[in-house]
Amino acid sequence: MSEPTPQAAPTPDTPRVMLIDDEPDILEALQRQLRAESYQVQTFQDPLKALESFFQDGDFALIVSDNAMPGLKGLDLLARAREFAPHARRVLLTGHTDLNQAIAAFNEGVIHRFINKPWDAADLVAVL
């Protein structure tokens, strides 16, 4: 068994990413993938806690959220995040959404991209 490759320590210039999904396996997969690409990653299963954290320390370059979550839909979370940090890129990553709703959110500037689950790893990294 080979040793894991050590990760470089984050620097102030390392992009910060917030991932929100109520499914822990999805969060783990995304986190592994993005850490390998040298992002600082913070994950949340609870969209309300994610929103609270975002308002306390909203210096995220990217927010990736599932849509169908208990407590707060991802599109609503991303719309609220846009009010406080319009510079942050917002991506909806979901397998359970109304396509018309996602198109409207894109057209209104709530999200920058829409990615379906399951995602292709190389495509996801290229988008992010």
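Residue numbers restart at each chain and count upward from 1, following the sequence in its written direction. Where local features are concerned, this predicted model is filtered to residues with pLDDT of at least 70; where side-chain atom pairs are given and counted, the filter is 80 or more; whole-chain, interface and lining totals use all residues. Neither water nor hydrogens contribute to the side-chain values; these are computed over all heavy atoms in the structure.

## Looking at the packing of aromatic side chains
Okay, step 1: Put simply, two rings from Phe, Tyr or Trp (the six-membered ring, in Trp's case) pair if the centres are within 6.5 Å, and we call them stacked under 30 degrees between planes, edge-to-face over 60, tilted for the rest. All told, the structure shown has 3 aromatic pairs when counted by the stated rule.
Okay, step 2: A centroid spacing of 6.1 Å and a plane angle of 25° characterise the contact between F54 and F60, whose relative ring orientation is stacked. The exposure classification of F54 matches that of F60, with both residues buried.
Okay, step 3: Only Lys NZ and Arg CZ are tested; either one counts as a charge over a ring when it is within 6 Å of the ring centre and within 35 degrees of the ring normal. Its end group placed over the ring of F60, R16 keeps NZ or CZ at 4.1 Å from the ring centre. Accessibility here uses a 1.4 Å probe with only protein chains present; expressed as a share of the type maximum, an area under 20% marks a residue as buried, one over 50% as exposed, and anything in between as partly exposed.

## Focus: the side chain of R16
Okay, step 1: Along the chain, R16 turns up in strand β1 (residues 16-20).
Okay, step 2: Not counting chain neighbours up to four residues away, the residues in contact with R16 comprise Q40, Q42, D57, D59, F60, A61 and L62. The helix count covers DSSP runs of H or I at least four residues long, the strand count covers runs of E at least two residues long, and both are numbered beginning at the N terminus. Throughout, a contact is declared for two residues whenever any of their heavy atoms are within 4.5 Å.

## Considering the pairing of strand β4 (residues 89-94)
Okay, step 1: With 5 of its 6 residues buried, β4 lies for the most part within the structure.
Okay, step 2: Between any two strands, at least two bridges found by DSSP are needed for them to pair. With 4 bridges connecting them, strand β3 (residues 62-65) and β4 associate as parallel partners. Its bridge partner lying in β4, L62 is registered against R89.
Okay, step 3: With the strands aimed away from the viewer, a crossover counts as right-handed if its path from the first strand over the helix to the second runs clockwise. For the crossover that starts at β3, traverses helix α3 (residues 74-84) and ends in the parallel β4, the hand is right-handed.
Okay, step 4: Across 4 bridges, the pairing between β4 and strand β5 (residues 113-116) is parallel. Looking at β5, one finds that V91 is bridged to R113.

## What to know about empty space enclosed by the protein
Okay, step 1: Cavity means a closed set of points on a 1 Å grid over the protein atoms alone, one where a 1.4 Å probe fits but cannot get out, pocket means an open set with protein on both sides within 12 Å along at least 5 of 7 lines, and lining means a residue has an atom within 4 Å of a point. Grid points are joined across faces, edges and corners, and a volume is the space filled by probe spheres set on the points. Counting across every chain of the model gives 1 cavity of 30 Å³ or more.
Okay, step 2: Roughly 30 Å³ of volume is contained in the largest cavity.
Okay, step 3: Lining the largest cavity we find L19, I20, D21, L27, L30, V64, S65, D66 and L93.
Okay, step 4: Broken down by secondary-structure element, the contributors of at least two residues to the lining of the largest cavity are β1, α1 (24-36) and β3.
Okay, step 5: Amino acids are sorted into nonpolar (Ala, Val, Leu, Ile, Met, Phe, Trp, Tyr, Cys and Pro), charged (Asp, Glu, Lys and Arg) and polar (every other residue, Gly among them). Taken together, the residues that form the lining of the largest cavity break down as 6 nonpolar, 1 polar and 2 charged.

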